[in-house]
Amino acid sequence: KGMALPQRILFPPEKICMDWHQRQRPGAGLLNLGNTCYINVILQCLTYTPPLANYLLSHEHSQSCQQQGFCMMCVMEVHIRKVLYSSASAILPGVVLRDLKFIGEEFEYGRQENAYEFLRCALNAMQRACLSGSSDSDISSQETTIVHQIFGGFMRSRVTCLSCQAVTDSYKAFLDVSLDIRAASSLTTVLEDCVTPKELDLKECFKCSKCKKKVAASKRVTIHQAPRVLTLCLERADQWTGKKISKFVDYPEYLDLRPYMSDTAGEPLLCSLYAIVVHSGDTCLEGHFFCYTKASNGLWYKMDDESVDSCDIHTVLGQQAYLLFYAR
């Protein structure tokens, strides 16, 4: 209700399989060519995202791809297959490194970059690849690609007039959510704060369509439609000082999204943690990225460039996480 319906569905959601088609040991580690750890961690987290890996391993995209030149979906298909089926202990993500400028023009080979920025650019590049040949689609249809069907959700922003209680709703698609952790000790407290109504300050004064004037109002943002894979960034760069926020924020292995939804009634909406990215270093502009991912055999591994070592869930939940990946 209130959201524009897509004129056509570019990828039918019923074709998405959230569980691994086949179970095996983890694949290869990734060689670091100097400051490429920020690329390696995101590639590993995407490789172990079951619905994305299932789709790309099926060759469905490459068999029908019409794209001339660079295609991020084809690049990811080649990469995931190479990682999961290589007999080598570590491989070079050569195709990705070669095409770095097409993924995000701000990335400079050999320079330390941010893993979250690389994730956003990689997802956007995959989205562009899915829209190749259907650029005439309306916005709502563009939000039905396989990328949006996996990573995409919708936020609802509800502004309530404090004089007459009239509500105005607006909706926005998202592929990831960035969270302010300065005042938080746990992920659940951050999410609770996000969905708590905030009074708009007078600078943002809201013109009520019923009262026909500018009035005091409150705004509440909720998840209106949950993604199949929820990607969260715990912002560790302080916006005011630029310093790194090096504190532990508690996060669960299983997260119920129901309390943060527009509709809080109904069954729990459970998500399970399957990957995290950690940044080590004193500032956000330097240091090192590594990750923990759950392989298709259901076991956890620490993936630090070329090394892939088994670990337990307690180790995973004890990290100063930067990015969290949850799958429904």
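Named according to an unreviewed UniProt entry, the protein chain is Ubiquitin carboxyl-terminal hydrolase 42 originating from Manacus vitellinus.

Asker: Go over unusual backbone geometry with me, naming the residues and quoting the values.
Answerer: Even without a glycine there, the phi angle at N35 is positive, about 60°. Summarising the element assignment, N35 is placed in the loop between β1 (29-30) and α1 (37-47). We note that K212 has phi near 60°; this positive angle belongs to a residue other than glycine. By the element assignment, K212 lies in the loop between β7 (206-208) and β8 (213-215). A relative accessible area of 63% means that K212 is categorised as exposed.

Asker: Pulling in residues and values, what's your account of the pairing of strand β15 (residues 307-311)?
Answerer: Pairing of strand β14 (residues 300-304) with β15, which is carried by 5 bridges, proceeds in the antiparallel orientation. Looking across to β15, one finds that K302 is bridged to D309. Adjacent in sequence and paired antiparallel, β14 and β15 are bridged by 2 residues, among which D305 carries a positive phi angle near 55°.

Asker: Requested: an account of the pattern of salt bridges, with residues and values cited.
Answerer: In this structure the tally under the stated criterion is 9 salt bridges. Put simply, K15 and E60 hold a salt bridge, and the shortest N to O gap is 2.8 Å. With K15 in the segment before β1 and E60 in helix α3 (residues 60-64), the pair connects residues that are 45 residues apart, well separated along the chain. On the basis of relative accessible area, E60 is assigned to the partly exposed category, the value being 31%. The residue R98 makes a salt bridge to D99 at a minimum N-O spacing of 3.1 Å. With a relative accessible area of 62%, R98 lands in the exposed category. Residue classification places D99 among the buried positions, given a relative accessible area of 7%. Counted as one network, the salt bridges with shared partners bring together E108, R111 and E113.

Reading the values: rules and limits
Residues numbered from 1 in each chain as written. Predicted model: local features only at pLDDT ≥ 70, side-chain atom pairs only at ≥ 80, totals over all residues. Heavy atoms only, no water. Helix = DSSP H or I, 4+ residues; strand = E, 2+ residues; numbered from the N terminus. Buried < 20%, exposed > 50% of the residue type's maximum accessible area, 1.4 Å probe, protein only. Pairing = 2+ DSSP bridges. Salt bridge = Lys/Arg side-chain N within 4 Å of Asp/Glu carboxyl O.

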